[in-house]
Protein chains: 2
Amino acid sequence: MATKTAYPFRVEPQEVDFSLRITLAALGGNILNIAGIDAHSKGFGVDALNKDNFSWVLSRIAFEFDRRPAEYADYEISTWISDYGRMLSTRNFELTDRSGVRFGRVVSQWCMLDLTKRTAVDLRAVAESHNEAIVDVPSPAEKPCKVPAPATEPVLTHRVAYTDIDFNRHVNTMRYIELMLDVLPIERFAEERPLRLDINFLKEARYGDTLSVAIEERAAQTLVEIRNDGGAAVCRGAFEWR
Amino acid sequence: MATKTAYPFRVEPQEVDFSLRITLAALGGNILNIAGIDAHSKGFGVDALNKDNFSWVLSRIAFEFDRRPAEYADYEISTWISDYGRMLSTRNFELTDRSGVRFGRVVSQWCMLDLTKRTAVDLRAVAESHNEAIVDVPSPAEKPCKVPAPATEPVLTHRVAYTDIDFNRHVNTMRYIELMLDVLPIERFAEERPLRLDINFLKEARYGDTLSVAIEERAAQTLVEIRNDGGAAVCRGAFEWR
């Protein structure tokens with residue numbers, strides 16, 4: 001049976017914000033990159049799937065960070081797949097500091113897309129390589145929740161340009177996260193409070209689309225929604241500082 | 001006497017565009033990060049300078065890329081300081097592929113800013129640590145040129161938000177480069193042609209500023225300018241595909 005795989009990191013100067021701690025965007029980017037590298041090294045990365053014109057698509061993700069490490073701090077991201085069903089594969093992450101204290105827990109759910117038919121692939125079709133990668137350790141946090149829609153008007157618009165898109169010409173996941181961070185009050189990043197962030201990816205946005213971003217404070221949550229030209233939700237996030 | 005320092009890289013999936021080759025933004029980011037890491041390891045990084053409330057500021061940079069490496073390709077970035085004057089220190093970079101073929105040459109010029117007085121520091125004041133780092137190898141390409149201003153109206157505007165700014169609350173260098181790439185015709189990135197790109201950094205932009213970007217094709221060059229709310233040039237770039 002497989003075991004968790006751990007990757008070493010150090011907070012680099014270009015990853016910190018004015019609080020001199022690593023940004024959520026940089027942490028999220030490193031976590032997603034590790035997902036890609038780990039899948040690649042195990043033979044079911046995007047590059048291998050592309051031969052069948054399949055691709056992994058992130059459906060939902062939940063991040064829990066107790067704190068954001070400071071510049072030059074060493075930390076480790078470990079990852080494992082805990083289970084998969086017909087439609088979704090669950091990839092988990094834990095972030096630990098140099099003294100072994102766990103400060104981050106992430107649960108992500110991925111579906112496999114047939115790029116020709118534009119439909120989801122039944123994951124039982126790839127069971128062979130996938131089964132070998134399963135690690136018998138449960139997710140370190142609650143699975144990502146369904147995020148409610150904010151009932152507010154957009155406060156930011158952004159036309160999708162070259163540097164926003166990935167190899168598929170779709171907006172890359174990190175840019176969605178950055179757009180959500182950009183509508184939060186900037187003071188939120190000066191604080192050092194534990195955060196849970198749930199994100200649902202609902203539709204793809206493409207080069208030339210104009211996206212708009214709405215935000216609503218509702219009870220303990222800050223809800224953010226990215227909408228396309230037609231007003232449909234592309235992506236929703238719920239921030240909860242604890 | 002010091003020698004060039006080399007850092008190994010691999011083109012990661014999140015760094016490629018739809019042509020499946022590394023983006024100029026990713027290459028530029030890695031090059032600038034190496035500048036920071038190399039200065040830090042030699043004792044004159046931003047962190048050491050900050051004790052005196054000094055900081056390195058990038059004044060001009062010229063990139064020459066014969067091609068952009070493909071996904072998962074290994075390459076190396078080596079860097080060295082070739083010389084410095086009263087105001088500017090010259091840091092060079094060479095990019096070589098796995099078979100030792102050089103495909104990139106970069107020359108950058110940095111000044112040291114006294115953040116309290118907002119004036120440039122005479123580099124002779126830091127000669128001691130700097131002298132030891134000088135490598136007696138000339139710059140691998142022509143020094144960065146003065147870039148002329150395009151005489152056109154802006155085609156893109158962008159309000160500076162949280163994810164655009166660095167630890168100093170100024171727009172980070174990579175975001176300027178991304179904004180310049182975002183106004184180019186997207187077809188330019190489908191081509192595989194040698195490129196020289198000269199960039200001049202003229203003013204700082206801050207959180208909340210609204211930037212606008214103008215572009216003009218002039219003879220063999222594509223000129224791009226980022227302007228602030230008052231219409232003053234913040235940054236200029238000249239792209240020349242050869």
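The rules behind the values
- Residues numbered from 1 in each chain as written.
- Chains lettered and ligands numbered in written order.
- Predicted model: local features only at pLDDT ≥ 70, side-chain atom pairs only at ≥ 80, totals over all residues.
- Heavy atoms only, no water.
- Least-squares fit on C-alpha atoms with pLDDT ≥ 70 in both.
- Helix = DSSP H or I, 4+ residues; strand = E, 2+ residues; numbered from the N terminus.
- Expected span 1.5 Å × (residues − 1).
- Axes fitted to C-alpha atoms, helices over the stretch in contact; angles between N-to-C directions.
- Parallel < 35°, antiparallel > 145°, perpendicular 65-115°, else oblique.
- Left-handed = near helix turned anticlockwise from the far one by under 90°.
- Contact = heavy atoms within 4.5 Å.
- pLDDT = per-residue confidence, 0-100.
- 1 Å grid on protein atoms, 1.4 Å probe; cavity = no way out; pocket = protein on both sides within 12 Å on 5 of 7 lines; lining within 4 Å.
- Points joined across faces, edges and corners; volume = space filled by probe spheres on them.
- Nonpolar A, V, L, I, M, F, W, Y, C, P; charged D, E, K, R; others polar.
- Salt bridge = Lys/Arg side-chain N within 4 Å of Asp/Glu carboxyl O.
- Buried < 20%, exposed > 50% of the residue type's maximum accessible area, 1.4 Å probe, protein only.
- Polar contact = N/O pair within 3.5 Å; in protein donor to acceptor, adjacent residues only side chain to side chain.
- Buried area = accessible area lost by both parts, 1.4 Å probe.

### Some thoughts on the relation of the copies chain A and chain B
For the pair chain A and chain B, the superposition axis carries a translation of 0.0 Å, the fit reaches an RMSD of 0.0 Å, and the rotation angle comes to 180 degrees. Taken together, the turn and the small shift mark the pair as related by a two-fold rotation axis. Residue H158 of chain A of chain A places its C-alpha closer to the rotation axis than any other residue of that unit, at 4.1 Å.

### Here's the deal with helix α1 (residues 24-41) of chain B
When the terminal C-alpha atoms of α1 of chain B are compared, their 26 Å separation across 18 residues agrees well with the 26 Å that a helix rising 1.5 Å per residue should span. Trailing α1 of chain B by a residue or two, G43 of chain B shows a phi angle of about 90 degrees, which is positive.

### Regarding the packing of α1 of chain B against helix α4 (residues 173-182) of chain B
Residue and element names in this part refer to chain B. Direction vectors running N to C along α1 and α4 enclose 160 degrees, while the axes themselves pass 10 Å from each other. It follows from the interaxial angle that α1 and α4 lie roughly antiparallel. Between α1 and α4 the crossing geometry is right-handed. Every residue of α4 that contacts α1 at L24, A25, G28, G29 and L32 is listed here: T173, M174, E178 and L181.

### Digging into the confidence of the model for chain A
The predicted model of chain A averages 92 in pLDDT, with 100% of residues at 70 or higher. The ipTM for the predicted assembly is 0.91, set against a pTM of 0.92.

### Remarks on empty space enclosed by the protein
Following the criterion strictly, the structure yields five cavities of 30 Å³ or more and no others. For the largest cavity, the lining is made up of 13 residues, of which R68, E191, R193, L195 and W241 of chain B are closest to its centre. Here the second largest cavity defines a volume of roughly 100 Å³. For the second largest cavity, the full set of lining residues is R21, L24, F65, R68, R188, F189, E191, E192, R193, L195 and W241 of chain A. Classifying every residue of the lining of the second largest cavity gives five nonpolar, no polar and six charged.

### A word on the pattern of salt bridges
Residue and element names in this part refer to chain A. Here the structure, examined in full by the defined rule, presents 54 salt bridges over all chains. Among the salt bridges present, the one from R105 reaches E64, with a minimum N-O distance of 3.0 Å. Linking R105 in strand β5 (residues 102-114) with E64 in strand β2 (residues 54-65), this pair joins segments that are 41 residues apart in sequence. Per residue, the accessibility class of R105 equals that of E64, and both read buried.

### Quick notes on the environment of I226 of chain B
Residue and element names in this part refer to chain B. Position of I226 among the secondary structure elements: in strand β10 (residues 221-227). Along the sequence, I226 and A205 sit 21 residues apart, while their C-alpha atoms lie 9.8 Å from each other. Those residues within four positions of I226 in sequence are excluded, and the remaining contacts are Y176, L179, M180, L211, S212, V213, A232, A233, V234 and C235.

### Some words on α4 of chain B
Residues and elements named next belong to chain B. Within α4, nine of the ten residues are buried, leaving the element largely enclosed by the surrounding structure. Here α4 has its buried residues at M174, R175, Y176, I177, E178, L179, M180, L181 and D182. If you check the start of α4, you find a side-chain oxygen 3.1 Å away from the backbone N of M174, and it comes from N172.

### Let's talk about unusual backbone geometry
Residue and element names in this part refer to chain A. The backbone phi angle of R118 is positive, close to 60 degrees, even though this residue is not glycine. Counting through the fold element by element, R118 comes out in the loop between β5 and β6 (119-120). In this structure, A219 takes a positive phi of about 50 degrees despite not being glycine. Along the chain, the position of A219 falls in the loop between β9 (210-218) and β10 (221-227). On the accessibility criterion, A219 (85% relative accessible area) is exposed.

### Concerning the layout of surface pockets
The volume enclosed by the second largest pocket comes to roughly 420 Å³. Of all the secondary structure elements, the ones that give two or more residues to the lining of the second largest pocket are β7 (154-159) and α4 (173-182) of chain A together with β7 (154-159), α4 and β9 (210-218) of chain B. Along the lines of polarity and charge, the residues of the lining of the second largest pocket split into nine nonpolar, eight polar and ten charged.

### Some words on the interface of chain A and chain B
When the parts come together, some accessible area is lost, and that loss is often what is quoted as the size of the interface. The partner chain B presents 28 residues to the 28 residues of chain A that form the contact. Interface area, chain A with chain B, both sides summed: about 2800 Å², of which 60% is carbon and sulfur. At the junction of chain A with chain B, the criterion picks out two salt bridges. Linking E178 of chain B and R175 of chain A is a salt bridge whose minimum nitrogen-to-oxygen distance equals 3.3 Å. Counting the contacts that link chain A with chain B gives eleven residue pairs in polar contact (both at pLDDT 80 or more). Elements supplying a minimum of two residues to the side of chain A that touches chain B: α1 (24-41) and α4 of chain A. Top element by residues in the side of chain A that touches chain B is α4 of chain A. It accounts for four residues.

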